[in-house]
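Here are the chains, one letter per residue:
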Amino acid sequence: MNEPQSTSCSQWEEKLAALHPDDLSPIELDALKAHIAECPACEAMLADYYELRDLMRRTLTTGYTPGIWKLFVSPQANQDIPPAHS
Amino acid sequence: MPVHQHDDPYLVKCACAGDKEAFAILVQRHEHGVYSYLTGLLGDREEARDFAQLTFIKAWSNLSRLQDAAHFKPWLYTIARNLVYDFWRKQKFHQQSWESLEESSVVASSPGPEERTIQMQMLELALAHLPAKLRDCILLQDVCGFSRREIASMIGIGVESVSTYLSSARKLLRQTYQRMENEYELEKGDLVHE
């Protein structure tokens, strides 16, 4: 993680926080890229946001073994699941 | 084409016609994501597992109410989210799980585990410090992969509000995580000097 004192420019904060590919228009994305190229604080903040996103994904999936799907294929479990409304 | 290679809307249509195998494939595709989202929201892995199961059972039972098969994923996460919020409303203790997590200080409870485990514990604690609505937005985007527009539609607020929440959530998460990281480094340094 980057040093805590690096603060981003307030007018770019919401765009920096929009990490989904559909969140920003191509024009907005180009403008953001141009700004980041000149602003180390915003660049550092964006890098941290991506790092935290990746860490969050790793952390929250750790230790989980998928098995709920078996409820819908196991004949015994089928008896416990209510029928879908038609 | 084998059934597991079909896209979600096709499988949803099969499942609507009573095909449990098609629904099981949908569950396989989404259960990891739903579990991760619920773990982040609830702060309790066992509880998240139970809620994930409930989510899929409820989705199966209400599949005919899904108006557009292409919207299965947001519809599914909305079910998960509603189950948690209903639970919180009934229990009135939506901070409790996280508080119990906070009691176990990262450093005090983990003498000498690997750096990666420490990072993950700090991240869970930093998430716990976020107000529920900020935590919800950042999880829906980062863990579930929804855009701002999709989140706005799921939660029932404006896109601008989602943007504000996401920005606040990321700033707060970063600040809290950095503070914990610094405290951990200091504590580690103290232990080395003792």
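Bear in mind the structure is a predicted one, so any value in this text is a computation, not a measurement. (Residues numbered from 1 in each chain as written. Chains lettered and ligands numbered in written order. Predicted model: local features only at pLDDT ≥ 70, side-chain atom pairs only at ≥ 80, totals over all residues. Heavy atoms only, no water.)

Our next topic: the interface of chain B and chain A. With 52 residues of chain B at the interface, the matching set in chain A holds 44 residues. At the boundary of chain B with chain A, total buried surface from both sides reaches about 4,400 Å², with 61% on carbon and sulfur atoms. Close ionic contact of Asp23(A) with Arg148(B) constitutes a salt bridge, the shortest N to O distance being 3.8 Å. The tally of links between chain B and chain A comes to 16 residue pairs in polar contact (both at pLDDT 80 or more). Of all elements in the fold, only helix 2 (20–42), helix 3 (45–61), helix 7 (115–128), helix 8 (132–142), helix 9 (148–155) and helix 10 (159–193) of chain B reach the threshold of two or more residues within the side of chain B that touches chain A. If you tally residues by element for the side of chain B that touches chain A, the top one is helix 10 of chain B, at 13 residues. Grouping the amino acids of the side of chain B that touches chain A by side-chain chemistry returns 18 nonpolar, 18 polar and 16 charged. (Contact = heavy atoms within 4.5 Å. Buried area = accessible area lost by both parts, 1.4 Å probe. Salt bridge = Lys/Arg side-chain N within 4 Å of Asp/Glu carboxyl O. Polar contact = N/O pair within 3.5 Å; in protein donor to acceptor, adjacent residues only side chain to side chain. Helix = DSSP H or I, 4+ residues; strand = E, 2+ residues; numbered from the N terminus. Nonpolar A, V, L, I, M, F, W, Y, C, P; charged D, E, K, R; others polar.)

Glancing now at the pattern of salt bridges. Residues and elements named next belong to chain B. The final tally for this structure, using the stated rule, is 11 salt bridges over all chains. Among the ionic pairs, Arg 29 bridges to Asp 8, the shortest N-O distance being 2.8 Å. Of this pair, Arg 29 sits in helix 2 while Asp 8 sits in helix 1 (residues 8–16), placing them 21 residues apart in sequence. We classify Arg 29 as partly exposed; its relative accessible area is 35%. When its relative accessible area of 16% is taken as the criterion, Asp 8 is described as buried. (Buried < 20%, exposed > 50% of the residue type's maximum accessible area, 1.4 Å probe, protein only.)

A word on the packing of helix 3 of chain B against helix 4 (residues 72–91) of chain B. All names here are of chain B. Put simply, helix 3 and helix 4 touch, their axes get as near as 9 Å, and they point 125° apart. Comparing their axes, helix 4 and helix 3 come out oblique. Between helix 3 and helix 4 the crossing geometry is right-handed. Contacts between helix 3 and helix 4 involve Glu 47, Phe 51, Leu 54, Thr 55, Phe 56, Lys 58 and Ala 59 from the former and Trp 75, Leu 76, Ile 79, Ala 80, Leu 83, Val 84 and Phe 87 from the latter. (Axes fitted to C-alpha atoms, helices over the stretch in contact; angles between N-to-C directions. Parallel < 35°, antiparallel > 145°, perpendicular 65-115°, else oblique. Left-handed = near helix turned anticlockwise from the far one by under 90°.)

On to the side chain of Asp23(A), then. Note on placement: Asp23(A) falls in the loop between helix 1 (13–16) and helix 2 (26–38). Its relative accessible area of 7% is what places Asp23(A) among the buried residues. For Asp23(A), the contacting residues outside a window of four places in its chain are Ala18(A), Glu28(A), Gln141(B), Ser147(B) and Arg148(B).

In total, this model carries 9 aromatic pairs over all chains according to the counting rule given. The interplanar angle of 70° and the centroid separation of 4.8 Å between the aromatic rings of Phe72(A) and Phe23(B) together place this pair among those described as edge-to-face. One end of the pair, Phe72(A), is in the loop between helix 3 (40–61) and helix 4 (75–78); the other, Phe23(B), is in helix 2, on a second chain. Between Phe51(B) and Phe87(B), the ring centres sit 5.1 Å apart and the planes meet at 65°, which makes this aromatic pair edge-to-face. With Phe51(B) in helix 3 and Phe87(B) in helix 4, this pair connects stretches of sequence that are 36 residues apart. Relative accessible area serves as the criterion here: at 8%, Phe51(B) is assigned to the buried category. (Phe/Tyr/Trp six-rings, centres within 6.5 Å; stacked < 30°, edge-to-face > 60°.)

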